[in-house]
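Here's the letter readout for the chains.
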There are 2 protein chains.
Amino acid sequence: MSHYLNYAIQLAKMVEGQTGLNPPVGAVVVNEGRIVGMGAHLQKGGKHAEVQALDMARDNARGGTIYISLEPCTHYGSTPPCVNKIIEAGIKKVVYAVKDTTLPSEGDDILEQAGIEVIFRPQSEAESLYTDFFIAKNESIPEITVKVSCSLDGKQATDKGESKWITNKAVKNDVFHLRHKHDAVLTGRGTIQADNPQYTTRIEEGKHPIKVILSKTGEIDFDLDIFQLRNEPIWIYTQNKNLKTNIEHVEIIELTNCSIENILKDLYQRGIGSVLVEAGPTVTSEFLQSKFTNELILYYAPKIIGGSGNYQFFQSENIFNLSEVPQFEIVNSQMLEQNIKLELRKK
Amino acid sequence: MSHYLNYAIQLAKMVEGQTGLNPPVGAVVVNEGRIVGMGAHLQKGGKHAEVQALDMARDNARGGTIYISLEPCTHYGSTPPCVNKIIEAGIKKVVYAVKDTTLPSEGDDILEQAGIEVIFRPQSEAESLYTDFFIAKNESIPEITVKVSCSLDGKQATDKGESKWITNKAVKNDVFHLRHKHDAVLTGRGTIQADNPQYTTRIEEGKHPIKVILSKTGEIDFDLDIFQLRNEPIWIYTQNKNLKTNIEHVEIIELTNCSIENILKDLYQRGIGSVLVEAGPTVTSEFLQSKFTNELILYYAPKIIGGSGNYQFFQSENIFNLSEVPQFEIVNSQMLEQNIKLELRKK
């Protein structure tokens, strides 16, 4: 295992959530046992990670090795191909952790023909960084993460709808980081009506996600707190042709059919690469049943709520056979003070 | 706790061991919730971390915040003061984790007079990164780490001197990383004679340390393996005026008195900022008793060697009272497969 390749992956993780439809990528240039350049792709349209790192290294790149979290690109997009820049810089060896399955893969050949040694060194941490990105890009829909805070018995609220502060402050802070790392937060009309949430990122210099609200019928109370904050745009998806507002940062997007698929495709067209679903049982269950959700983050408070379970987070009209129920793999389990966080991927 | 400040500290750690007499420093520039620049100090004489990060950010730095692992400098050294660059770039807020006690500390005032908010946010991980650097710089001697591989009963070898492979491969690999992160490895004549070691860094693109050998009497066998490798210079400290060699990468340094203090001061003058002591009981014990050693790394193999203990790693002529024996704090304890690594600091 190379520590330099790990550094490149660390750099990629630092910019996760700020590159929109592009993947987060990090790069480190090494020459004679020293780092001579480092960089990351900072935003869509900006320099790629390799270029940032080579620009920092300048002449020190000559004869050196570049470590990259993702295979370097060979195409003219908003910027020229990275393989050209690598060749021009006089790099002698390229090491990368993940192959970019969304692009034609002739990069290795081009580099090798220029006399550069190319090493593809698979690394599981980097793979999981890009898995959902590749799926999303192929289908032109954003990466979806469903987040649920609930009791040990799987309820987001009591039967009466009381839900505030089920989980603790450590969870709240963790959710702020989740929001920071996603382009948009998506919820349903019912949730903003019931909870009056703001979906902000109260961490230092945090990036507020764009807020997406689903309201098929177009029933919306524009006096709620969420509409008073001007920090990021709010997009409302509806089938109601008559829904209008003159609140400046609120945009009404009318679709003939507000299916999850149609909404997600529209969001992707608008540059949204990642969506965090923070909603009540209806929207949450719809996403958990759809084929678009691969990642689920569950926060459990050590309480049991009971009642008849109006607010169980997963409810479906279908009664599945046990062999057909959605099945997950636990990627990570963590205590956040006295709450538990589980990161899961659909199997 | 700020994740951006943590990123700056991560960047500093990536360049640990490649900045010679300068401290490893990382910096991240943030604007509107996004990283717009990142950088580290890559080598003594090169750009400071702040400048690398601001160069990457360009106009995006204006109105932003810079997070730095160490207080920005205010003096003209090999490069102009970073505070000037920060002011010129239009930064509005500076956050740093550690105060540089080796420099006059008027940086906060200069920045504040330019209308910049300055936040000093102490962070223990960053403090431990710089503690020994400050001590070393104040005394003009390198940072010293003593490394010992031994049995559970504190022996580096059997009474007969058999010592190869006491610890396992995972330790060996960990030691390669230690060497990579230090400017020089120091040992005694007896150790190279007995063990014929090479003190290389067998990790990918690892940096080999300069090798320093102590031989007061000047007794040296130039046929040993260590003199056959040409990867880094070897410096031999001696009091023997007649010791000579024509091996190109070997330099004989004659001092009237080869005390640890004299050797360390000379090494510092030659640009050595950090020294790893990997030696037998005599040199190891001398360093452990000196006031210059603050850090001790112990690798224990789960063996007990017994015998009369010719090779106990700590032996002293003085018989200390128990209240006076050197006392340490355990900073970290880690299993490396079936061996134990302890990182300790002298109390």
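Residues numbered from 1 in each chain as written. Chains lettered and ligands numbered in written order. Predicted model: local features only at pLDDT ≥ 70, side-chain atom pairs only at ≥ 80, totals over all residues. Heavy atoms only, no water.

Labelled according to an unreviewed UniProt entry, chain A appears under the name Riboflavin biosynthesis protein RibD, originating from Staphylococcus shinii. Of chain A, the UniProt comment under Function (unreviewed entry) reads exactly: "Converts 2,5-diamino-6-(ribosylamino)-4(3h)-pyrimidinone 5'-phosphate into 5-amino-6-(ribosylamino)-2,4(1h,3h)-pyrimidinedione 5'-phosphate." (UniProt positions renumbered as here; feature names shortened; annotations may be inferred.)

**Student:** Give me the relation of the copies chain A and chain B: which residues, what numbers.
**Tutor:** Both copies of the chain are related by a screw-like operation: a rotation about an axis and a shift along it. Screw-axis analysis of chain A against chain B gives a translation of 0.1 Å along the axis, an RMSD of 0.1 Å, and a rotation angle of 180°. The superposition of one copy onto the other is thereby described by a two-fold rotation axis. Here 100% of the interface residues in chain A have copies in chain B that are interface residues too; the copies meet face to matching face. (Least-squares fit on C-alpha atoms with pLDDT ≥ 70 in both. Contact = heavy atoms within 4.5 Å.)

**Student:** Which residues make up the sheet that holds strand β11 (residues 274-277) of chain B, and what values do they have?
**Tutor:** Residue and element names in this part refer to chain B. In space, the nine strands of this open sheet follow the order β10-β9-β8-β7-β11-β6-β12-β14-β13, with mixed pairing throughout. Lying at the two open borders of the sheet, with one neighbouring strand each, are β10 (250-254) and β13 (328-336). Strand-to-strand twist of the sheet, defined as the mean angle between neighbouring strand axes without regard to direction, takes the value 20°. Of the strands in this sheet, β6 (143-151), β7 (184-188), β8 (210-214), β9 (234-238), β10 and β11 are in contact with helix α8 (residues 260-269), which crosses β9 at around 145°. On top of the sheet, helix α9 (residues 281-289) reaches β6, β7, β8, β11, β12 (293-301) and β14 (339-346); it is set at about 130° to β6, its chief contact. (Pairing = 2+ DSSP bridges. Helix = DSSP H or I, 4+ residues; strand = E, 2+ residues; numbered from the N terminus. Axes fitted to C-alpha atoms, helices over the stretch in contact; angles between N-to-C directions.)

**Student:** I'd like to hear about a negative patch on the surface, residue by residue, with values.
**Tutor:** Residues and elements named next belong to chain A. Side chains of Glu106, Asp109, Glu112 and Glu117 sit close together on the surface and give a patch of like negative charge. Examined against the element boundaries, Glu112 turns out to sit in helix α4 (residues 107-113). Of the residues examined, Glu112 reaches a relative accessible area of 42% and is grouped as partly exposed. (Patch = residues over 30% accessible without salt bridge, like charges linked within 9 Å, V, L, I, M, F, W, Y side chains within 5 Å. Areas by Shrake-Rupley, 256 points an atom, 1.4 Å probe, with all protein chains shown as cover. Salt bridge = Lys/Arg side-chain N within 4 Å of Asp/Glu carboxyl O. Lys, Arg positive; Asp, Glu negative; His and termini not counted. Charge placed at Lys NZ, Arg CZ, Asp CG, Glu CD. Buried < 20%, exposed > 50% of the residue type's maximum accessible area, 1.4 Å probe, protein only.)

**Student:** Tell me about the interface of chain A and chain B, and please be specific about residues and values.
**Tutor:** Contacts between the two partners involve 38 residues from chain A and, on the opposite side, 38 residues from chain B. Regarding the contact of chain A and chain B, the summed buried area is about 3200 Å², with carbon and sulfur atoms giving 51% of it. Interface area lost by chain A to chain B is led by A:Met14, A:Glu204 and A:Glu205, which between them contribute 23%. Scanning the region where chain A abuts chain B turns up two salt bridges. With a closest N to O distance of 2.8 Å, A:Arg121 and B:Glu204 form a salt bridge. In this structure, the connection of chain A to chain B is made through 16 residue pairs in polar contact (both at pLDDT 80 or more). Of all the elements in the fold, those that place two or more residues in the side of chain A that touches chain B are α1 (3-14), β2 (34-40), α2 (49-57), β3 (65-68), β4 (93-96) and α6 (169-180) of chain A. (Buried area = accessible area lost by both parts, 1.4 Å probe. Polar contact = N/O pair within 3.5 Å; in protein donor to acceptor, adjacent residues only side chain to side chain.)

**Student:** An account of the pairing of strand β14 (residues 339-346) of chain A is requested, with residue identities and associated values reported.
**Tutor:** Residues and elements named next belong to chain A. In this structure, strand β12 (residues 293-301) lies alongside β14, joined through six bridges in antiparallel fashion. Counterpart to Leu298 in the pairing with β14 is Leu342. In this sheet, β14 lies alongside strand β13 (residues 328-336) in antiparallel orientation, the contact comprising eight bridges. Within β14, the position partnered with Asn332 by the bridge is Glu343. In sequence, β13 turns back onto β14 through a hairpin of two residues, with Glu337 there showing a positive phi of about 50°.

**Student:** Break down the packing of aromatic side chains for me, citing the residues and quoting the values.
**Tutor:** Taken as a whole and judged by the stated rule, the model has twelve aromatic pairs over all chains. Relative to A:Phe134, the ring of A:Tyr130 has its centre 6.2 Å away and its plane inclined at 25°; by these criteria the two rings are stacked. With A:Tyr130 and A:Phe134 both in helix α5 (residues 124-139) and four residues apart, this pair spans about one turn of that helix. For the pair shown, A:Tyr130 and A:Phe134 are each scored as buried. Looking at B:Lys99, its charged tip hangs above the ring of B:Phe120, at a distance of 4.7 Å from the centre. (Phe/Tyr/Trp six-rings, centres within 6.5 Å; stacked < 30°, edge-to-face > 60°. Lys NZ or Arg CZ within 6 Å of the ring centre and 35° of its normal.)

**Student:** Requested: an account of helix α5 (residues 124-139) of chain B, with residues and values cited.
**Tutor:** Residue and element names in this part refer to chain B. With 16 residues, α5 extends 23 Å from end C-alpha to end C-alpha; this agrees with the ideal 22 Å at 1.5 Å per step. Its axis deflected by about 35° at Tyr130, α5 carries its strongest bend there. Residues of α5 that are buried include every one of Ala126, Leu129, Tyr130, Asp132, Phe133, Phe134 and Ala136, and no others. Considering only its buried residues, α5 is in contact with α1 (3-14), β6, α8, β12 and β14. By the N-cap criterion, in which a side-chain oxygen at the helix start approaches the backbone nitrogen of a residue two or three places on, α5 is capped by Gln123, the distance to Glu125 being 2.9 Å. Residue Ser140 follows α5 closely and has a positive phi angle near 55°. (Expected span 1.5 Å × (residues − 1). Bend = angle between axes of the 7 residues up to and from the residue.)

**Student:** Would you mind going over the UniProt feature "binding site: substrate" (unreviewed entry) in chain A in detail, with residue names and values included?
**Tutor:** Residues and elements named next belong to chain A. Per the UniProt record, "binding site: substrate" (unreviewed entry) is found at Ser163, Arg179, Arg202 and Glu278. Note on placement: Ser163 falls in the loop between β6 (143-151) and α6. Within the element layout of this structure, Glu278 appears in the loop between β11 (274-277) and α9 (281-289). Those residues in contact with Glu278 that lie beyond four places of it in its chain are Lys147, Val175, Arg179, Val185, Leu186, Thr187 and Tyr199. Looking at Glu278, its side chain comes within polar contact range of the side chain of Lys147, at 3.1 Å.

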